[in-house]
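As a plain string of letters, each chain reads:
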Amino acid sequence: MERFKPSAISARRRKQKIVVIMGATGAGKSRLSIDFATRFFGNSEVINSDKMQVYSGLDITTNKITMQERFGVPHHLLGVINPTKSPFTPSDFRKVGSEIISDVKSRRGLPLVVGGSNSLIYSLVAKRFDPEADVFKEIDPDPVSSELRYDCCFIWVDVSLPVLNRYLSKRVDEMLESGMFEELVDFFRSGEHESVNRSGLGQAIGLPEFETYFRDFPGYRGVDGADSEEDVTGLAEAYNEAVRKIKDNTCQLAKKQVSKILRLRDAGWEVRRIDATEAFRAVMTAESGGTRVAEIWEKQVVEPSVKIVKQFLDE
Ligand code: ATP
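Residues numbered from 1 in each chain as written. Predicted model: local features only at pLDDT ≥ 70, side-chain atom pairs only at ≥ 80, totals over all residues. Heavy atoms only, no water.

Right, let's get into the nonpolar core. In this structure, Val19, Phe154, Phe210 and Trp269 are the most contacted members of the largest nonpolar core, which totals 96 residues. Those residues in contact with phenylalanine 154 that lie beyond four places of it in its chain are Val20, Met22, Ile121, Val125, Leu148, Trp269, Glu270, Val271 and Arg272. (Core = buried A, V, L, I, M, F, W, Y, C linked by side-chain atoms within 4.5 Å. Buried < 20%, exposed > 50% of the residue type's maximum accessible area, 1.4 Å probe, protein only. Contact = heavy atoms within 4.5 Å.)

Printed below as a string of structure tokens:
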């Protein structure tokens, strides 16, 4: 007869440990996850929780971490969902995400859930999840489940909004310089914007904002040869307007994401806030070099968050 082993049973009953890196768009979540995985918690695997980055396509526009930046760290649910099919819902994320977590655990790995979509994070970790309920609604929201189905360590990378807004505006310019516009031109030129699901990837910031530009100025395609002079002026204005809207909407997104994190925290989730503002201030200061930014990031973001995760894993 098999002997009764209380310790084995309690171990089996213990909830699985996961680390969740939350924060507004642009706050440095991916960078921190790579720091974790490459230097401190070598068995980590990232599960993407950005609802636009789950789809394939528009890699620059949705700001997916590149292969090079991943440093070989396994990433799940990143660019794998067909954007022409029905949208990937929080319920889908709950199901697929939990399967991935079990797989990672079976490899004795540490799941790092990383991304800014709090509705996805909520659906994944809440003990009871009702797809019809909206816990983030501004008016009369449904109650947040304080019971979680995983043992979670929530790290919130926070940057003061005025500083983050300045950074986000700069980031949009950098994304455009690194090929976002060309990516969107290809997307419209190939007709993909017509086949993409409007409730899914079709909502990615960049697409709706550039829609008027591409619709009203067919000359961008270069099909009709040179544009008329009015077209050239109109084109430049429409371009600037699209960029302005992208910056605006990105800043709005950041603000909303922060309010959702606060909602979870106010409901009792133990969200540990890490203030990355100084590192971002340094990024924005022209004379400060990369070394200074790296030093501040290390001291103020990496060190305290690694300490929190180590403690959590040792508990
Ligand atoms: P909600 O359920 O209210 O949409 P959420 O927390 O699930 O909120 P967010 O990740 O905050 O989702 O995204 C809200 C919106 O912000 C998206 O519908 C999209 O328009 C835009 N967005 C989010 N992430 C990206 C991204 N990586 N690239 C482009 N746009 C994005």
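That shown, we press on.
With that out of the way, let us pick up the packing of helix α10 (residues 277-284) against helix α11 (residues 290-314). Here α10 crosses α11 at 175°, and the two axes come no closer than 8 Å. With respect to each other, α10 and α11 are oriented roughly antiparallel. Side by side, α10 and α11 meet where Glu278, Ala279, Phe280, Ala282 and Val283 of the first sit next to Arg292, Val293, Ile296, Trp297 and Gln300 of the second. Grouping the amino acids of the contact of α10 with α11 by side-chain chemistry returns seven nonpolar, one polar and two charged. (Axes fitted to C-alpha atoms, helices over the stretch in contact; angles between N-to-C directions. Helix = DSSP H or I, 4+ residues; strand = E, 2+ residues; numbered from the N terminus. Parallel < 35°, antiparallel > 145°, perpendicular 65-115°, else oblique. Nonpolar A, V, L, I, M, F, W, Y, C, P; charged D, E, K, R; others polar.)

The strand order β3-β2-β4-β1-β5-β6 describes an open sheet built from six strands, whose pairing is parallel. Pairing within the sheet leaves two strands with one partner each, and these edge strands are β3 (75-76) and β6 (271-275). Two elements, strand β5 (residues 151-158) and β6, share five bridges in a ladder whose sense is parallel. Of the residues in β6, the one forming a bridge with tryptophan 156 is arginine 273. On the sheet, helix α2 (residues 29-40) packs against β1 (17-23), β2 (44-48), β3, β4 (110-114) and β5 and is oriented at approximately 150° with respect to β1. Against the sheet, α11 makes contact with β1, β4, β5 and β6, and its axis sits at roughly 170° relative to β5, the strand it touches most. (Pairing = 2+ DSSP bridges.)

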